[in-house]
Amino acid sequence: GAVVSQHPSWVICKSGTSVKIECRSLDFQATTMFWYRQFPKQSLMLMATSNEGSKATYEQGVEKDKFLINHASLTLSTLTVTSAHPEDSSFYICSAGSSGDRIEAFFGQGTRLTVV
Amino acid sequence: GQNIDQPTEMTATEGAIVQINCTYQTSGFNGLFWYQQHAGEAPTFLSYNVLDGLEEKGRFSSFLSRSKGYSYLLLKELQMKDSASYLCAGVDGDYKLSFGAGTTVTVRA
């Protein structure tokens, strides 16, 4: 199956700093990628849809100026958490869709962000 | 998007069978995924159903009824390693997934 690689797997940063998370589709081109956030013991919540060559579409309640998304190529989307605060500590996961005989959705490994 | 409902938790003994039900309300529905997620890890793909019926993959099977907005994941011959959260997710034509809250399955010896 297709592979989506996410980096880094975990990061610890100081409050007020920014963190960039990368999501790459390794063997297919993804015009659309998705960013999810998951707090402990909760399900994945969609944050935004990353569209190649255009602005991301954010879900209600997600601050677009805080969570910057860039989808500069068909294989790379980045999520930058700006001015991170402890409440931003969470598990961030990207996914990408691939069409073929049927729809497939593939997840990156996830990034555990801890803001101290 | 979709509204996805699934039970919060289930407990079963090793070797038993457990069925996790999932109901959904559709908006541009284009199939239903089941994922397994162990604590601290990303979800891993289990199954995808877009047509009505049962799909079997080894110990895991998934069923879909589009007319009823209903799916289930069947886990057979439970093993301790099957203790995890199982996520039901509907997908629309743009590959956007809407997840249920997840069902935590605990397998006991």
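In what follows, the structure referred to is the one given above.
Residues numbered from 1 in each chain as written. Chains lettered and ligands numbered in written order. Predicted model: local features only at pLDDT ≥ 70, side-chain atom pairs only at ≥ 80, totals over all residues. Heavy atoms only, no water.

Caption draft 1: Quick peek at the overall build of chain A. If you tally the helices and strands in chain A, you get zero helices and 11 strands. Counting helices and strands in the order they occur from the N terminus, chain A gives β-β-β-β-β-β-β-β-β-β-β. Taking 2.2 N^0.38 as the reference for a compact globule, 116 residues should give roughly 13 Å; the C-alpha atoms of chain A span a radius of gyration of 14 Å, in line with that estimate. Referenced to the eigenvectors of the C-alpha coordinate spread, the extents of chain A come out at roughly 45 × 30 × 25 Å. Residues classed as buried in chain A amount to 51% of the 116 residues present. Restricting to contacts in chain A with at least 6 residues of sequence separation, those with at least 24 account for 53%. For chain A, the computed accessible surface area is about 5,800 Å², with 50% contributed by carbon and sulfur atoms. Charge-centre separation for chain A: the mean point of 10 positive side chains lies 7 Å from the mean point of 10 negative side chains. (Helix = DSSP H or I, 4+ residues; strand = E, 2+ residues; numbered from the N terminus. Rg over C-alpha atoms; globule rule 2.2 N^0.38 Å. Buried < 20%, exposed > 50% of the residue type's maximum accessible area, 1.4 Å probe, protein only. Contact = heavy atoms within 4.5 Å. Areas by Shrake-Rupley, 256 points an atom, 1.4 Å probe, with all protein chains shown as cover. Lys, Arg positive; Asp, Glu negative; His and termini not counted. Charge placed at Lys NZ, Arg CZ, Asp CG, Glu CD.)

Caption draft 2: How the structure looks around the pairing of strand E11 (residues 111-115) of chain A. Residue and element names in this part refer to chain A. Going residue by residue along E11, you find Thr111, Leu113 and Val115 tucked away on one face and Arg112 and Thr114 left uncovered on the opposite face. Two elements, strand E2 (residues 10-13) and E11, share four bridges in a ladder whose sense is parallel. Across the sheet, the residue bridging to valine 11 is leucine 113, located in E11. (Pairing = 2+ DSSP bridges.)

Caption draft 3: Representation of the sheet that holds strand E3 (residues 18-25) of chain B within the structure. All names here are of chain B. An order of E1-E3-E8-E7-E6 is seen for the five strands of this open sheet, with the pairing classed as antiparallel. Looking at strand neighbours, the two that pair on one side only are strand E1 (3-5) and strand E6 (53-57), the edges of this open sheet. Between one strand and the next, the sheet's axes are offset by a mean angle of 15°, whatever the strand orientation. Of the strand pairs in this sheet, E6 and strand E7 (residues 60-65) are connected by five bridges, and their pairing is antiparallel. By the bridge assignment for E7, glycine 53 is matched with leucine 64. (Axes fitted to C-alpha atoms, helices over the stretch in contact; angles between N-to-C directions.)

Everything listed here is a matter of coordinates, which is why it stays silent on function.
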